[in-house]
Amino acid sequence: MEFLVLYSSRTGNTEKVAEAIFDALPGHSKLIEPVEDYDGTENPGLVFLGFPVNRGSCPMDVADALEKLEGKRLALFATCGMGDESYQQRIRHNIDVWMPDDYIDLGFFCCQGAIAPAFLKELREQEASVSPQMVEAMEAQQQKSIGHPDAADLDRARQFAKEVLGRAGRKEPMR
């Protein structure tokens, strides 16, 4: 198999981005599947791994999958309810703790995802550990996030896939 697209998606945002990336990949030697179904037996030439941002990092199912991706050429993608480019860079940095030692980094893409109303409800219920300012910021961002990932976000995801394919032809890692 040439390409494997793995994803973790709680609300469907990351799954949409995974499908856009998958559609941008050439040929028929490719597979897309949820990360929880990945058993590590496939031997793809290139892996795209996507996840919803969870407290500034990846969820544990993604961290577990990363253990099975040693020595792989790997491109990460994420959906995030809030945050600017510097926050996205911190997310990428935070994930380094989970990355296999010998992977080849082919890039990171992050786009806006819709913030689920259930998440805001959960946040409000955590009064003791979450500041009122944080809840207010999330409520304001939730309004901006409605409809994401949108067509433009998915176009950027497809473009990311094409850029990764271009970089994959190089021998040196991008770290």
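Residues numbered from 1 in each chain as written. Predicted model: local features only at pLDDT ≥ 70, side-chain atom pairs only at ≥ 80, totals over all residues. Heavy atoms only, no water.

Things to note about a nonpolar patch on the surface
Next up, step 1: There is a patch of nonpolar side chains on the surface, built from M60, V97 and W98 and spanning about 310 Å² of accessible area.
Next up, step 2: By secondary structure assignment, the location of W98 is in the loop between α3 (85-95) and β5 (104-112). (Patch = residues over 30% accessible without salt bridge, like charges linked within 9 Å, V, L, I, M, F, W, Y side chains within 5 Å. Areas by Shrake-Rupley, 256 points an atom, 1.4 Å probe, with all protein chains shown as cover. Salt bridge = Lys/Arg side-chain N within 4 Å of Asp/Glu carboxyl O. Helix = DSSP H or I, 4+ residues; strand = E, 2+ residues; numbered from the N terminus.)

Some words on the packing of helix α1 (residues 13-24) against helix α6 (residues 151-168)
Next up, step 1: Interaxial distance between α1 and α6 falls to 8 Å at its minimum, and their mutual angle equals 45°. Between α1 and α6, the crossing angle belongs to the class labelled oblique. Crossing of α1 against α6: the hand is right-handed. For the pair α1 and α6, contact is made by K16, V17, A20, I21 and A24 and by L154, A157, R158, F160, A161 and L165, respectively.
Next up, step 2: A breakdown of the residues in the contact of α1 with α6 according to their chemical character gives nine nonpolar, no polar and two charged. (Axes fitted to C-alpha atoms, helices over the stretch in contact; angles between N-to-C directions. Parallel < 35°, antiparallel > 145°, perpendicular 65-115°, else oblique. Left-handed = near helix turned anticlockwise from the far one by under 90°. Contact = heavy atoms within 4.5 Å. Nonpolar A, V, L, I, M, F, W, Y, C, P; charged D, E, K, R; others polar.)

Focus: the packing of helix α4 (residues 117-125) against helix α5 (residues 132-145)
Next up, step 1: One can describe the packing of α4 onto α5 by two numbers: an axis separation of 10 Å at closest approach and a directional angle of 170°. Taken as axis vectors, α4 and α5 run roughly antiparallel relative to one another. Packed against α4, whose contacting residues are P117, F119, L120, L123 and R124, the element α5 presents V135, M138, E139 and Q142 at the interface.
Next up, step 2: Of the residues belonging to the contact of α4 with α5, the class tally is six nonpolar, one polar and two charged.

Observations concerning the pattern of salt bridges
Next up, step 1: Scanning the model with the defined rule gives five salt bridges in all.
Next up, step 2: With a closest N to O distance of 2.6 Å, D96 and R92 form a salt bridge.
Next up, step 3: Judged by relative accessible area, which is 38%, D96 ranks as partly exposed.
Next up, step 4: A salt bridge links D105 to R92; its shortest N-O distance comes to 3.2 Å. On the criterion of sequence distance, the pair formed by D105 in strand β5 and R92 in helix α3 is long-range, its members being 13 residues apart. Take D105 and R92: they sit in the same class, and that class is buried.
Next up, step 5: Among the ionic contacts, a cluster of salt bridges with common partners joins R92, D96 and D105. (Buried < 20%, exposed > 50% of the residue type's maximum accessible area, 1.4 Å probe, protein only.)

Some points on the packing of aromatic side chains
Think of a pair of aromatic rings as described by two things: how far the centres are apart, and how the planes are tilted against each other in angle.
Next up, step 1: Scanning the entire structure with this criterion turns up two aromatic pairs.
Next up, step 2: Aromatic pair F109 and F160: ring centres 5.5 Å apart, planes at 25°, arrangement stacked. Of the two residues, F109 is situated in strand β5 and F160 in helix α6; the sequence distance between them amounts to 51 residues. Judged on exposure class, the residue F109 and its partner F160 are both buried. (Phe/Tyr/Trp six-rings, centres within 6.5 Å; stacked < 30°, edge-to-face > 60°.)

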